[in-house]
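# Survey of secondary and tertiary structure
What follows is the residue order along each chain.
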Amino acid sequence: MSTGSSDTIAQATDDDAAKTPVTNRKQPFPRGFLDTISTGWAERPESLPAARPQAAYAAARRDKVSAAFAGRRLVIPAGSLKQRSNDTDYPFRAHSAFAHLTGWAADAEPDSVLVFDPTDAGHDVTLYFRERADRTTTEFYADATVGEFWIGPRPSLAGVAADLAIATDHLAAFTAGADDVALDDADLARFVSELRLVKDEYEIAEMRRAVDITAQGFDDIIRALPEAAVHARGERVVEGVFHRRAREDGNGEGYDTIAASGPHACYLHWTRNDGTVVPGDLILVDAGVEADSLYTADITRTLPVNGTFTEVQRKVYEAVREAADAAFAAAKNGVRFRTVHEAAMQVIAARVAEWGLLPVTAEEALDADAGGQHRRYMVHGTSHHLGIDVHDCAQARREMYYDGILEPGMVFTIEPGLYFQIDDLTVPEELRGIGVRIEDDIVMTEDGPVNLSAGIPRTADEVEAWIARVQA
Ligand code: GLY
Ligand code: MN
Ligand code: MN
C-alpha cells in the first residue's frame, strides 16, 4: 500500500531513486510522464447537490448528542481501511455511530472524523475528511489507496458540506486533544448506541427497503435451488445468488449469509456454506441485504429443497412458526422487550415436552432458576434490535435493551428456532439433523407491531406454494 502523500511533482522528481520504494514491480516514473501527467485535464465544475434526505435526521441526532455532552469535545471517527493481506484491504465500512450522526453511509470516506467542539451555546460540529488531491500531486496518480487515478472520483469539501448539510474541513486541519471524548469512552458509546433504539421515519423507510430487496433475494434463492442441488457445494450457489442481489440492489449483505442445508442448519452461525444441498433435506437461509444507507434486514427462511416438507419436518417447522406467532402477539407497546422471548420460549418448551424430549415438564423447564432443559434445542435469544447494525444498539444498557420497554419506532427481529443436532442422542432419530429457524423483522408502531417481512411466505403451506410458484 502506498501512503496518502500529497507531494507535488516538483518534490517527487528531486530525488526519484531515493524516494521510490525498492520493490520487485514498482517502476520509477520517467521524466516525460512527470512533465505531462498533471496537465491536459478538463476543469471539474462542481454543481453542489441539495442536502440528502437523511441530513436533517442526522442533524437532529447530533443535537441530542450535543445536549448530553455539554462542554466536552467529542470525536467520532469513521474508522480506517483494514488490511486483508499484503496490499489488499477489506471493503470500507464506516463506524455505525459515525454513519448515524452524519448520514454518510456506503459512500463515506475512510479516516473521516466527526468533531463536536464545545461552545457557549452547545457545539460547533465539523466533519473532517481527506479531500481529493488536485492533479499536480503524486497522490492523484501514484497512490493506489486513495488516488483518484486508481480508485475513481472522490468528493470535495464543498460537495460533502452541501450533501450532508454540515461544516467540513480537510483532514489535515484536525488535531486530537488530550481531553477529547471518543467512542472508547463508555458513556459516549452507550449514548450513541441507545440513541438508535428508536428509529425515525427515514430509518424505518430504509429498513423497509432493505427487507424488500432481501425478499427478492429469497425469490432468487428459490429459483436457484435446482442448480444448487446438483452442485458439489450447493450452499455456495445459494450464498452467491443472494450476494448478487445484495450487491446489485443494495450495498451488500449486512452480515455473512448463512446457507445451511441438512444438518448444517443446526449450527447457528454456519457461514462456511461449503456443503451439498440435498433434495429431501431442509435448507436454512439467514440472509439480509444492507441498503446503501447501511440499514440491514435480517431474515431467515427454512425451505424444503425439493419443495415439500416431510411430515416430521413440517411438525418441527410449524412448532417454530407457532412460537414466532406467539412472540409477535406478545410484542405490545409498553411491555418489556424480554416478554417477546418469553412468549416464544413457552411454545418451544411446550412442544418439546409434548414430544417427550425433556426430562421434566414444560412448566419445570420454564423455571428461571432450575429450568432451561428446552434451551438445548434453542440456545439463542428470540429477538435483537436491528438497524444500521444487524445486532443494533449493542452498547445499550440492559435496562434499556433486554429489560427495556417496547415503544413505537423500535425495530427488532423475532427469530425462534429448533435445532436437533445430527448426533443428539436425546432426540429420536427422525428428528436428528433437522434445524428450523423463522426470522422476521418487526417495527413497533402506535398501533402495535408490524411485520416488515410478512410478504415473505412463513407458514409451511405458504412456503410450499411459494416454491412451486417461483419455480414454475
Ligand atoms: N443473522 C444473525 C442473527 O440472526 O442474529
Ligand atoms: Mn437475527
Ligand atoms: Mn438472522
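Structure: above.
Let us look at the structure shown here. Small disclaimer: the values here were computed from a predicted structure and weren't measured.

Let us now look at the environment of Y90. Relative to the elements of secondary structure, Y90 occurs in the loop between strand 3 (88–89) and helix 5 (96–102). Separated by 50 residues in the primary sequence, Y90 and G40 have C-alpha atoms spaced 34 Å apart. When neighbours within four sequence positions are excluded, Y90 is seen to be in contact with L81, K82, Q83 and R84.

Another aspect to go through is the sheet that holds strand 12 (residues 299–304). As summarised here, the arrangement of the 3 strands in space is 9-10-12, forming an open sheet in which the pairing is antiparallel. Each having just a single partner strand, strand 9 (258–261) and strand 12 make up the two edges of the open sheet. Strand-to-strand, the axes of this sheet are offset by a mean angle of 10°, without reference to chain direction. Contacts between helix 11 (residues 234–249) and the sheet are confined to strand 9 and strand 10 (282–287), with strand 9 contributing the most and set at about 150° to the helix.

What follows concerns the coordination of the manganese ion (ligand 3). Here the manganese ion (ligand 3) is held by D286 (OD), D286 (OD), D298 (OD) and E439 (OE), and the distances to it run 2.0 to 2.3 Å. Its 6 donor atoms give the manganese ion (ligand 3) angles of 58 to 173° at the centre, a pattern that matches the irregular case. The sequence pattern formed by the donor residues of the manganese ion (ligand 3) is D-x11-D-x140-E. Separating the manganese ion (ligand 3) from the manganese ion (ligand 2) is a distance of 3.3 Å, and D298 supplies a donor atom to each of them. Within this pair, whereas D298 is found in the loop between strand 11 (289–290) and strand 12, its partner E439 is found in the loop between strand 15 (434–437) and strand 16 (440–445), the two being separated by 141 residues in sequence. The class for D298 is buried, based on a relative accessible area of 3%. A residue is classified by how much of its surface remains accessible, and E439, at 0% relative accessible area, is buried.

So, on to the environment of T119. Of note, T119 is situated in strand 4 (residues 113–119). With relative accessibility at 31%, the residue T119 sits in the partly exposed group. Among the polar contacts made by the side chain of T119, one reaches the main-chain amide nitrogen of A121 at a distance of 3.2 Å.

For the rest of this paragraph, the subject is the coordination of the manganese ion (ligand 2). Around the manganese ion (ligand 2), the protein contributes the donor atoms D298 (OD), H384 (NE2), E415 (OE) and E439 (OE), which lie 2.0 to 2.1 Å from the metal centre. Taken together, the 6 donor atoms coordinating the manganese ion (ligand 2) and their angles of 52 to 156° define a geometry best described as irregular. For the manganese ion (ligand 2), all donor residues lie on one chain, and their spacing in sequence is D-x85-H-x30-E-x23-E.

Surveying the vicinity of ligand 1 reveals the residues Y255, D286, D298, H384, H391, E415 and E439. In the model, an oxygen atom of ligand 1 is placed 3.0 Å from a nitrogen or oxygen of the H384 side chain. Between ligand 1 and E415 there is a distance of 3.0 Å, counted from an oxygen atom to a side-chain nitrogen or oxygen. Relative to its free-state accessible area of 190 Å², ligand 1 is covered by the protein chains to the extent of 92%. A class-by-class count of the residues in the shell around ligand 1 yields 1 nonpolar, 2 polar and 4 charged.

Considering all chains together, one arrives at 39 salt bridges under this definition. One salt bridge connects R397 with E194, and the closest N-O pair in it is separated by 2.8 Å. Here R397 is found in the loop between helix 14 (362–365) and strand 13 (411–414), whereas its partner E194 is found in helix 9 (residues 186–194), with 203 residues between them in sequence. Given the relative accessible area of 34%, R397 is considered partly exposed.

Here we take up a nonpolar patch on the surface. A cluster of nonpolar residues, W41, F149, W150 and I151, forms a patch on the protein surface that exposes about 460 Å² of accessible area. By the element assignment, F149 lies in helix 7 (residues 148–151). Take F149: its relative accessible area is 45%, and that puts it in the partly exposed class.

Scoring rules and cut-offs
As a convention, each chain's residues are numbered from 1 in the sequence order in which they are written. Each chain is given a letter, starting from A, and each ligand a number, starting from 1, according to the order in which they appear as written. For a predicted model such as this one, the threshold for reporting local features is a pLDDT of at least 70, and the threshold for listing and counting side-chain atom pairs is 80 or more; totals across whole chains, interfaces and linings nevertheless cover every residue. As a convention, hydrogens and water are excluded, and side-chain values are obtained from all of the structure's heavy atoms. Helix numbers and strand numbers start at the N terminus; a helix is a DSSP run of H or I with at least 4 residues, a strand a run of E with at least 2. Contacts were defined at the residue level, with two residues in contact if any of their heavy atoms lie within 4.5 Å. Being paired, for any two strands, means DSSP has found at least two bridges between them. In this analysis an axis means a line fitted to C-alpha atoms, helices contributing only their contacting stretch, and an angle means the value between N-to-C directions, from 0 to 180 degrees. Only nitrogen, oxygen and sulfur atoms qualify as donors, and only when within 2.8 Å of the metal (3.2 Å in the case of Na, K and Ca); with water excluded, sites may look incomplete. Every angle between 85 and 135 degrees makes a four-donor site tetrahedral, while opposite donors more than 155 degrees apart, with all other angles between 65 and 115, make a four-donor site square planar and a six-donor site octahedral; other sites are irregular. Here the term buried applies to any residue with accessible area under 20% of the maximum for its type, exposed to any over 50%, and partly exposed to those in between, with areas from a 1.4 Å probe on protein chains only. Throughout this description, a polar contact denotes any pair of N or O atoms lying within 3.5 Å of each other; where both atoms belong to protein, one of them has to be capable of donating a hydrogen while the other can accept it, and for residues adjacent in sequence the pair is counted only when both atoms sit in side chains. Only heavy atoms are used to decide nearness, and a residue is near a molecule or strand if one of them lies within 4 Å of it. For accessible areas, the Shrake-Rupley method is used with a probe of radius 1.4 Å. Any residue's cover is judged against the shown protein chains and nothing else. Lys, Arg, Asp and Glu make up the charged group, whereas Ala, Val, Leu, Ile, Met, Phe, Trp, Tyr, Cys and Pro make up the nonpolar group; the residues left over, Gly among them, are polar. By convention in these notes, a salt bridge is any Lys or Arg side-chain nitrogen within 4 Å of a carboxyl oxygen on Asp or Glu. In this scheme, patches are assembled from residues that exceed 30% relative accessible area and form no salt bridge. Like charges are connected within 9 Å, while nonpolar side chains (Val, Leu, Ile, Met, Phe, Trp, Tyr) are connected within 5 Å.

It is worth stressing that arrangement in space is one thing and function is another; only the former is reported here.
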